[in-house]
Amino acid sequence: MIVLGLFIISHNHLLNNEFNISAYLIGLTILLLSLLLYLKYFSLIDFHLTLYLLVTIFSQFFYMLRFGIIQAGFVEAIIIYIIVPCVFYGIYKIMLKTPDIAVFSLKFISLMSIISFVGSILYILSHLNISDLFPETFKLEITQTGEDIQIKNTSFYGNSLTVGGLALVQAMSSIYLYIKTNKNIFLIFLMLAVLVCLLSLARRSMVPLCLLLVIFQFYLPYKQRIISSAVLLTIFLCGIIMFHEEFLSILTRLVSSFDLTDPTSGNESRIRFMKKGVEIIATEPFGVGLANLSSLGKGWKDLVYGAPVGFLTVVESGYLVFIGEIGIIGCFILLPSFVIFLKKLSSYSVYLVILPIALETIMGLSIYSLLILSLLLCTLASIEAIENRNFKLNKS
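1. Description of a nonpolar patch on the surface
Argument step 1. A cluster of nonpolar residues, Phe58, Phe286, Ile328, Ile329, Phe332, Ile333, Leu335, Phe338, Val339 and Phe341, forms a patch on the protein surface that exposes about 900 Å² of accessible area.
Argument step 2. Per-element accounting of the nonpolar patch gives the leading share, eight residues, to helix α15 (residues 328–344).
Argument step 3. Note that Phe341 resides in helix α15.

2. Quick look at the side chain of Ser346
Argument step 1. Turning to its location among the elements, Ser346 is positioned in the loop between α15 and α16 (347–362).
Argument step 2. For Ser346, a relative accessible area of 14% translates into the label buried.
Argument step 3. Separated by 2.8 Å, the side chains of Ser346 and Glu384 make a polar contact.
Argument step 4. In this structure Ser346 touches Ile383, Glu384 and Glu387, once residues within four positions along its chain are discounted.

3. Some words on the pattern of salt bridges
Argument step 1. Across all of its chains, the model carries five salt bridges by this definition.
Argument step 2. For Glu284, the salt bridge identified is with Arg66, shortest N-O distance 3.1 Å. Placement of Glu284 in the loop between α12 (267–283) and α13 (300–305) and of Arg66 in helix α4 (residues 47–67) is noted, with a sequence separation of 218 residues between them.
Argument step 3. We note a salt bridge from Glu316 to Arg204, for which the minimum N-O separation is 2.8 Å. Placement of the pair is Glu316 in the loop between α13 and α14 (318–326) and Arg204 in helix α9 (residues 203–219), with a sequence separation of 112 residues.
Argument step 4. For Glu316, a relative accessible area of 15% translates into the label buried.
Argument step 5. Arg204 gets classed as buried once you look at its relative accessible area, which sits at 16%.

4. A few points about unusual backbone geometry
Argument step 1. Located in the positive-phi region is Ala291, a residue other than glycine, with phi close to 75 degrees.
Argument step 2. Locating Ala291 in the fold gives a position in the loop between α12 and α13.
Argument step 3. What makes Ala291 buried here is its relative accessible area of 0%.
Argument step 4. Non-glycine residue Asn390 carries a positive phi angle of around 50 degrees.
Argument step 5. Asn390 gets classed as exposed once you look at its relative accessible area, which sits at 58%.

5. Some thoughts on helix α7 (residues 160–181)
Argument step 1. Spanning 22 residues, α7 covers 31 Å between terminal C-alpha atoms, matching the ideal 32 Å at 1.5 Å per step.
Argument step 2. The buried count for α7 comes to 21 of 22 residues, which makes it a mostly enclosed element.
Argument step 3. One or two residues past the end of α7 sits Asn182, with phi positive at roughly 60 degrees.

6. Some points on the environment of Tyr92
Argument step 1. Relative to the helices and strands, Tyr92 resides in helix α5 (residues 74–97).
Argument step 2. Separated by 287 residues in the primary sequence, Tyr92 and Thr379 have C-alpha atoms spaced 10.0 Å apart.
Argument step 3. Filtering out sequence-adjacent residues up to four positions away, Tyr92 remains in contact with Ala381, Glu384, Ala385 and Asn388.

7. Description of the state of the cysteines
Here a disulfide denotes one covalent bond, and it connects the sulfur atoms of two cysteines.
Argument step 1. Enumeration according to the criterion identifies zero disulfides in this entry.
Argument step 2. Cysteine Cys210 shares no disulfide, and the gap to the nearest cysteine sulfur, in Cys197, comes to 8.1 Å.
Argument step 3. Here Cys210 falls in the partly exposed class, since its relative accessible area comes to 37%.

8. Comments concerning the nonpolar core
Argument step 1. One finds Tyr81, Phe88, Met95, Leu212, Leu352 and Leu375 to be the most contacted residues of the largest nonpolar core, which totals 101 residues.
Argument step 2. If sequence neighbours within four positions are ignored, Tyr81 has contacts with Tyr52, Thr56, Leu290, Val321, Phe322, Glu325, Ile326 and Tyr368.

9. Quick notes on the packing of α14 against α15
Argument step 1. The N-to-C vectors of α14 and α15 enclose an angle of 105 degrees; their axes lie 6 Å apart at closest approach. Judged by the angle between their axes, α14 and α15 are roughly perpendicular. Across the interface between the two elements, Phe322, Ile323 and Ile326 of α14 pack against Ile328, Gly330, Cys331 and Leu334 of α15.
Argument step 2. Partitioned by chemical class, the residues of the contact of α14 with α15 number six nonpolar, one polar and no charged.

10. Some points on the packing of helix α1 (residues 2–10) against helix α6 (residues 99–127)
Argument step 1. Between α1 and α6, the shortest axis-to-axis distance is 10 Å and the interhelical angle comes to 25 degrees. The orientation of α1 relative to α6 falls into the category roughly parallel. Between α1 and α6 the crossing geometry is right-handed. Where α1 approaches α6, its residues Ile2, Val3, Leu6, Phe7 and Ser10 are matched on the opposing element by Ile101, Phe104, Ser105, Phe108, Met112 and Ile115.

Definitions and cut-offs
- Residues numbered from 1 in each chain as written.
- Predicted model: local features only at pLDDT ≥ 70, side-chain atom pairs only at ≥ 80, totals over all residues.
- Heavy atoms only, no water.
- Patch = residues over 30% accessible without salt bridge, like charges linked within 9 Å, V, L, I, M, F, W, Y side chains within 5 Å.
- Areas by Shrake-Rupley, 256 points an atom, 1.4 Å probe, with all protein chains shown as cover.
- Salt bridge = Lys/Arg side-chain N within 4 Å of Asp/Glu carboxyl O.
- Helix = DSSP H or I, 4+ residues; strand = E, 2+ residues; numbered from the N terminus.
- Buried < 20%, exposed > 50% of the residue type's maximum accessible area, 1.4 Å probe, protein only.
- Polar contact = N/O pair within 3.5 Å; in protein donor to acceptor, adjacent residues only side chain to side chain.
- Contact = heavy atoms within 4.5 Å.
- Expected span 1.5 Å × (residues − 1).
- Disulfide = S-S within 2.5 Å.
- Core = buried A, V, L, I, M, F, W, Y, C linked by side-chain atoms within 4.5 Å.
- Axes fitted to C-alpha atoms, helices over the stretch in contact; angles between N-to-C directions.
- Parallel < 35°, antiparallel > 145°, perpendicular 65-115°, else oblique.
- Nonpolar A, V, L, I, M, F, W, Y, C, P; charged D, E, K, R; others polar.
- Left-handed = near helix turned anticlockwise from the far one by under 90°.

Next comes the structure, spelled out in structure tokens:
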């Protein structure tokens, strides 16, 4: 049921556009039902999770008392801030009792790279007028890097940023499974996830993916590290020779992540919005209400042409969104719990999950996507359950 719920959530865009099915609602319902089957495992709720929930709920109630309104995106924010963390805390408790579920979940997330890759190929074929499959799903998304107009691949998911974040999580699962099992199939899934991320041209995911691949090298034995480096170098050179323009387009997009002067890079406007976020945090120590610093529950037309209730701005950084919406006072209360949480994590979770997503969150909002947050927390919960139980994965 856990995997079924994740699968349905993962394909919300496809199911909603082609079949008018609200996959998020169905997927979350299935995940909640899976928890009901294991209520016997929840005799005690973690203190730090309880504290987080109390601080989050208090900040929202305080906002509603001050302004007397329920802001746009309130329901979506409750799902992201409260329901999803509680669901995956429960799933983690289930996995501790039954580590096989953790292994199966990781394999499913890794295997999903095949679906993402197929979606990326169909997207390309659709815009080459070779295929007319799922026309509502494969709508064109473009971006500008310097003087170049580039097509961003959205696969089945309707948004290149979602594709990039999803591929990043799939790469995390694939790397962990390869380290633990030494099965080459997970290297194949890793390569597919890398290709999907690169085709998406989502810089917020491409940069942490590069960090993740570097970290991966240090988990390999010396000989494998040399072979892996040689293979990557060969792929790099072959890419330049065989697909010069495409490869150069991806490389240009990646390098533009660090260009803070070119107005076409988008970084200048992001920094401007981030400065606005810092100002809001300084002037609103108790927070500005959930979803008021992000696009949660608001379409692009609402953001461009409308005036969503309570909405202030999109501050372009997951850290600033969280601190600004919860409030800096609430975040100080939660800081000790956060430090304790990090100290309890295994090295695999810290280096393969936390570090890459921490880098992405500096100028990214992946953790505010229901799809990416769900798969990310499932990956983290699965790795922790396996490591805490010292569960041995089959290497045969």
